[in-house]
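Given next are the chains, with one letter for each unit.
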Amino acid sequence: MEKQAIIYARVSTVAQNTDRQVIDLKEYANSNGYNLLEVFTEQISGAKKNAEREALTDAINYALSNQCTILCSELSRLGRNIDEVLKSVIYCKEHGINVFFQKEQFSIFNQDGKPHPFLMIFISVLGTCASLEREAIRFRMKSGYDNYIQHGGKVGRKEGFKYSLEDYTKKYPELVQDLQEKQKGASGKLYSVRALANRYDVNASTVQTITKILKGGTKC
């Protein structure tokens, strides 16, 4: 029986792309006799909750419906929040969905169809390492930022610089689309400033600024 698979790839920001992950996983699928059915990609922080990650949810649901394996470049693509990663892995295990992690070279289920005996240990250790790495990156960035400020460095936009609606659309296309829908009459908690800021991981002031531009057509 031919093996069926899909690819799930994720990057954290719109400045990155999933091309390399997809290319590597396609090569793996071809070399290991998989019939590749679909490719799911998204650009979203690994710190986000599973419920906010539409492509991941779609990939898992598709794999469940089509009884196929999910190919993933590495465990951290499932997220850098260990609790959320474990939720995804446990759900897949309980529903018979196999996930193969290329970098770590292990799957939820072995070739005999049984769960990997050290699965939860691997996931916990690797997931914790990913979380620690994320905290280390934050620490280094803050340390560098503080050092830069202490030595007279200046941050923020240059004097006179203003973002246009086009600039914001390139940077936050989905946020701008939601705000345009809100302007047309969409309402409810999902369209509040706080909800939109949390959904797209931006400051509330950014949401308010784009709203102001949409209303007045000015730069801010």
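Residues numbered from 1 in each chain as written. Predicted model: local features only at pLDDT ≥ 70, side-chain atom pairs only at ≥ 80, totals over all residues. Heavy atoms only, no water.

Caption draft 1: Spatial organisation of the overall build of the protein chain. A count of helical and extended segments in the protein chain gives eight helices and five strands. Going from N to C terminus, the protein chain has its helices and strands arranged as β-α-β-α-β-α-β-β-α-α-α-α-α. Counting only residues that meet the buried cut, the protein chain has 35% of its 220 residues in that class. Sequence-distant contacts, at least 24 apart, represent 63% of the contacts inside the protein chain between residues at least 6 apart. Total accessible area on the protein chain is roughly 13700 Å²; 50% of this is exposed by carbon and sulfur atoms. (Helix = DSSP H or I, 4+ residues; strand = E, 2+ residues; numbered from the N terminus. Buried < 20%, exposed > 50% of the residue type's maximum accessible area, 1.4 Å probe, protein only. Contact = heavy atoms within 4.5 Å. Areas by Shrake-Rupley, 256 points an atom, 1.4 Å probe, with all protein chains shown as cover.)

Caption draft 2: Structural detail: the pairing of strand S1 (residues 3-11). Burial analysis of S1 places seven of its nine residues in the buried class, the great majority of the element. When S1 meets strand S2 (residues 34-43), the two strands line up parallel, connected through nine bridges. Bridged to Ile-6 within S2 is Glu-38. At this point the chain moves from S1, through helix H1 (residues 19-31), to the parallel S2, and the crossover so formed is right-handed. (Pairing = 2+ DSSP bridges. Right-handed = clockwise from strand over helix to strand, strands pointing away.)

Caption draft 3: How the structure looks around the side chain of Ser-76. Structurally, the position occupied by Ser-76 is in the loop between strand S3 (69-72) and helix H3 (82-94). A polar atom in the side chain of Ser-76 sits 2.9 Å from the side chain of Glu-74. Here Arg-77 takes part through its side chain, which lies 3.4 Å from a polar atom of the side chain of Ser-76. (Polar contact = N/O pair within 3.5 Å; in protein donor to acceptor, adjacent residues only side chain to side chain.)

Caption draft 4: Structural context of the nonpolar core. The biggest cluster of nonpolar side chains holds 26 residues, and the ones touching the most others in it are Tyr-8, Ile-70, Leu-78, Phe-101 and Ile-123. Counting only elements with at least two residues in this core, the list comes to S1, helix H2 (54-66), S3, H3, strand S4 (99-101) and helix H4 (119-150). If we skip the residues at most four places from it in the chain, Ile-70 touches Ile-6, Tyr-8, Ala-59, Ile-60, Ala-63, Ile-97, Asn-98, Val-99 and Phe-100. Counting residues in hydrophobic clusters, the runner-up holds 11 residues, among them Tyr-168, Ala-197, Val-207 and Ile-210. (Core = buried A, V, L, I, M, F, W, Y, C linked by side-chain atoms within 4.5 Å.)

Caption draft 5: Examining the packing of aromatic side chains more closely. Applying the stated rule across the entire model yields four aromatic pairs. Look at Phe-101 and Phe-106: their rings are 5.4 Å apart centre to centre, the planes differ by 40°, and that puts the pair in the tilted class. By the burial criterion, Phe-101 is buried, and Phe-106 matches it. Taken together, the ring pairs in this structure connect Tyr-28, Tyr-34 and Phe-100 into an aromatic cluster. It is Lys-3 that lies over the ring of Tyr-34; its NZ or CZ is 4.3 Å from the centre. (Phe/Tyr/Trp six-rings, centres within 6.5 Å; stacked < 30°, edge-to-face > 60°. Lys NZ or Arg CZ within 6 Å of the ring centre and 35° of its normal.)

Caption draft 6: Spatial organisation of the sheet that holds strand S5 (residues 106-107). Taken together, five strands build an open sheet; the order of strands is S2-S1-S3-S4-S5 and the sheet is mixed. At either end of the open sheet lies a strand with only one pairing partner, and these are S2 and S5. Packing against the sheet, H2 makes contact with S1, S2 and S3, and its axis sits at approximately 160° to S2. (Axes fitted to C-alpha atoms, helices over the stretch in contact; angles between N-to-C directions.)

Caption draft 7: The side chain of Asn-98, seen in detail. Position of Asn-98 among the secondary structure elements: in the loop between H3 and S4. Note on Asn-98: relative accessible area 15%, which makes it buried. Look past the residues within four positions of Asn-98 in its chain and what remains in contact with it is Cys-68, Thr-69, Ile-70, Ser-107, Ile-108 and Phe-109.

Caption draft 8: Representation of helix H8 (residues 204-216). Over its 13 residues, H8 extends 18 Å from the first C-alpha to the last, a length consistent with the 18 Å expected when each residue adds 1.5 Å. Taken together, the buried positions of H8 are Thr-206, Val-207, Ile-210, Ile-213 and Leu-214. Looking straight down H8, one finds its buried side chains confined to an arc of 125°; they lie on one side. Projecting away from the buried face of H8 at angles above 90 degrees are the exposed residues Lys-212 and Lys-215. In this fold, the buried residues of H8 make contact with helix H5 (165-171), helix H6 (173-183) and helix H7 (193-199). (Expected span 1.5 Å × (residues − 1). Arc of directions from axis to C-beta.)

Caption draft 9: Structural view of H3. Here H3 contains 13 residues, and its C-alpha end-to-end distance of 18 Å stays within 8% of the 18 Å for a straight helix at 1.5 Å per residue. Among all positions of H3, only Ile-82, Glu-84, Val-85, Leu-86, Ser-88, Val-89 and Cys-92 are buried. Positive phi appears at Gly-96, one or two residues downstream of H3, with a value of about 70°.

Caption draft 10: Representation of unusual backbone geometry within the structure. The phi dihedral of Gln-67 is positive, around 50°, even though this residue is not glycine. With respect to the secondary-structure elements, Gln-67 resides in the loop between H2 and S3. We classify Gln-67 as exposed; its relative accessible area is 59%. Phi at Gln-105 takes a positive value of approximately 60°, unusual for a residue other than glycine. Tracing the chain through its elements places Gln-105 in the loop between S4 and S5.

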